[in-house]
Structure formats: C-alpha cells, structure tokens
Amino acid sequence: MTEEKYIISSCVISNSSVLKNNEIIFSCNDDDLHSFLISLYHFIKTEYPKFYKMDNLSKLGFLASEILIKDEETVKKYKPGEIGIVLTNANSSLDADEKYFQSVKEIASPALFVYTLPNIVIGEICIRNNFKGENSFFVFENFNAAFIQQYVRDLFGNNIVQLCICGWVDVLGENYKAALFLVSKNKAQNAVLFNEENLDRIFKTV
C-alpha cells in the first residue's frame, strides 16, 4: 500500500486576495497586478531587494512561496537537496516573452530576456531558500491535479524528495493565479490528504 502524503500548508493568490490554509490573510482594491504584488510584498514584510527586478510571474510565485512556508518548521528539518519544487501553468513565460518582444523593437532588454523561461520562477524560489532538490515546470491548458499528485507521489516514492512545494503559478497580462501546496510524508496539525479532490478544492477557493 502506498504511504499517504499530506498537504501541510497551502497558499492561493487570485482576484486581489490571498488565502493561507483556506483563510484570507490579505486583500486589496488594486486592480493593477503590479500594484497588487507590490502591496502584498510590503504586507508580508519580506526584505528581498531582488524582488523588484523580477518579472510578474516570478514575483507571484515568490510571494506565494514566502507565504506558503512562513512559520513552517518542517522546512527546517530537511537538507536543501531533499526539498523539491514542481510547478505548472497554462501560459509558460508568455507574459515576459511579449514584453521582451516589444523591447526588441527598440533595444532588446537583457533584464526581460532573463525571464523568458517559465522555470525561472523556480530558480528565484530556490535561490531565496537555498533549495537544491528536484525541480520541474510543466505547461497544461488547465490546472491538472491528477498529474501533480502522481508526479509528486513518484518523487516521494523514489526517495527523490522528502518535502515538496507544488502547484500552479500563472500570469498573462492582468490575469493571474497562484496555488501552491507544501507536501510532506508526515502529517501535521490541520493537514489534509494530498489527493486530487483536496488539490482541486483548495485551487478553487479564490
């Protein structure tokens, strides 16, 4: 019998609202994505100057990961190489790609070019937290809970990770959504089973 895994923390960001473990912790009236992300950055009181240089996809994923693992002592129990990240979205890095394409018409922007790969958001999270485990980025038309569950369970089953951040981070223009899950083989207080039903349920909360 396959050993159960658990979602010990979750963070969903959408429609100018932020939920941590199904409770709203932040909301504002900023319809502009850039303004909303800056407001959220100040709200969580993170000191990370590199944040301002990131593209919107990386900013969104970075903020969601900061909220996800804040006060989660479990993260400190594992070595950097034991913590993995598996992310998905629908638009890859198209938001940054389009902005870079526009810059090429005048002077190509190296600062934008850096972010024309979707897995850069994973790199930003890993650099911030010194995570060195397995990481992958996949593109689907819609949130695919079945794939995430199977892929992450395989990583645990093959002893590749002991803890995993997984989920969805997507940005295109003013449309955005992040839904991240911290998955462990050890059950924590208020944890829920890591399965398709709970992934979908949490994803749809905002």
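Residues numbered from 1 in each chain as written. Predicted model: local features only at pLDDT ≥ 70, side-chain atom pairs only at ≥ 80, totals over all residues. Heavy atoms only, no water.

With that settled, consider the pattern of salt bridges. Tallied over the entire structure, the rule returns three salt bridges. Taking the shortest distance from any N to any O, the salt bridge between R128 and E66 comes out at 3.0 Å. Linking R128 in helix α5 (residues 120-129) with E66 in helix α2 (residues 56-69), this pair joins segments that are 62 residues apart in sequence. A salt bridge links E73 to K76, with the shortest nitrogen-to-oxygen separation between them at 3.5 Å. (Salt bridge = Lys/Arg side-chain N within 4 Å of Asp/Glu carboxyl O. Helix = DSSP H or I, 4+ residues; strand = E, 2+ residues; numbered from the N terminus.)

In this structure, the largest pocket spans a volume of roughly 200 Å³. Residue assignment for the lining of the largest pocket shows that the elements contributing at least two residues are β1 (6-14) and α7 (196-203). Its residues assigned to classes, the lining of the largest pocket comprises four nonpolar, six polar and one charged. In this structure, the second largest pocket encloses a volume near 170 Å³. As for the second largest pocket, its lining consists of K20, I25, F43, I44, I67, K70, D71 and E72. In terms of residue class, the lining of the second largest pocket is built from four nonpolar, no polar and four charged. (1 Å grid on protein atoms, 1.4 Å probe; cavity = no way out; pocket = protein on both sides within 12 Å on 5 of 7 lines; lining within 4 Å. Points joined across faces, edges and corners; volume = space filled by probe spheres on them. Nonpolar A, V, L, I, M, F, W, Y, C, P; charged D, E, K, R; others polar.)

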